[in-house]
Amino acid sequence: CSCNIREGFYMTTILVHRDIMYADSRIMDDSGMFFSTTKIIRVGEAIVGCSGEAHIAHMFLQQLREGRLAHEFEPPAPPPKKRHWEFDALLLNPEGLWCFGPYFDIDKVEGLSYAIGSGAAAALGALHALRRCLETSTSPILAVQCACLVDGYSGLPVQWMQLGEFVIHTEY
């Protein structure tokens, strides 16, 4: 998946572990001010989390809501000095986990866990360490909290949603 293409970095931490998606809630506006928002969105049976440029994420989500198939997604052309948009997304549905990159290309993710965003490596590292020690249902929440501690572009609270649910849970 081109989710790992990086010219810049995408300010967020989104982690999927088994059938639950977790995300930080920090976002920065054009003036550089930070505030909290919801980064996990339900679209039909799927749970979607996006990182990167908000206007591209909104376009991606609109195409999902319109029922387009993955191969029909059309990102806008990037500005002249950019090779691609800063954008990644994870889509978790009953068929599995899917990663979308900056070209709206799609790959199926194999394995129990995957993460995107500037805090991805910290969250996955913490999750693997915690699972070796604890293996509790709170390990992924703690992993995203750890990412928030070391990644200045991710922040609390942590939010999560499980497949089949329509409620976003929050942990401060």
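Above this note sits the structure.
Residues numbered from 1 in each chain as written. Predicted model: local features only at pLDDT ≥ 70, side-chain atom pairs only at ≥ 80, totals over all residues. Heavy atoms only, no water.

Participant: Help me out: how do you make sense of the sheet that holds strand 7 (residues 87–93) in this one?
Facilitator: In sheet architecture, strand pairing relies on hydrogen bonds along the backbone and comes in two forms, parallel and antiparallel. Pairing is antiparallel across the open sheet formed by five strands, whose spatial order is 5-6-7-8-9. Bordering the open sheet on either side are strand 5 (40–43) and strand 9 (106–109), each of which pairs with just one other strand. In this sheet, neighbouring strand axes are inclined to one another by 25 degrees on average, regardless of whether the strands run parallel or antiparallel. Examined bridge by bridge, strand 8 (residues 96–100) and strand 9 share four bridges and lie antiparallel to one another. In the sheet register, Phe100 faces strand 9, and the bridge partner there is Ile106. In the packing of helix 1 (residues 54–65) onto the sheet, contacts are made with strand 5, strand 6 (46–52), strand 7 and strand 8, and the angle to strand 6 comes to roughly 160 degrees. (Pairing = 2+ DSSP bridges. Helix = DSSP H or I, 4+ residues; strand = E, 2+ residues; numbered from the N terminus. Axes fitted to C-alpha atoms, helices over the stretch in contact; angles between N-to-C directions. Contact = heavy atoms within 4.5 Å.)

Participant: Would you mind going over helix 3 (residues 139–150) with me for this structure?
Facilitator: Along an α-helix, residues three or four apart share an orientation, since each turn contains 3.6 residues. With twelve residues, helix 3 extends 17 Å between its outermost C-alpha atoms, agreeing within 8% with the 16 Å of an ideal straight helix rising 1.5 Å per residue. Three or more residues of helix 3 are buried, namely Ser139, Pro140, Ile141, Ala143, Val144, Gln145, Ala147 and Cys148. Lining the buried residues of helix 3 we find strand 1 (14–17), strand 2 (20–23), helix 2 (120–133), strand 11 (158–162) and strand 12 (169–171). (Expected span 1.5 Å × (residues − 1). Buried < 20%, exposed > 50% of the residue type's maximum accessible area, 1.4 Å probe, protein only.)

Participant: I would appreciate a short explanation of the sheet that holds strand 12 in the present structure.
Facilitator: Read from one edge of the open sheet, five strands run 10-1-2-11-12, paired in antiparallel fashion. Each of the sheet's edge strands pairs with one partner strand only, and the pair in question is strand 10 (113–116) and strand 12. Each neighbouring strand pair of the sheet contributes to a mean axis angle of 20 degrees, computed without reference to strand direction. Pairing of strand 1 with strand 2, which is carried by four bridges, proceeds in the antiparallel orientation.

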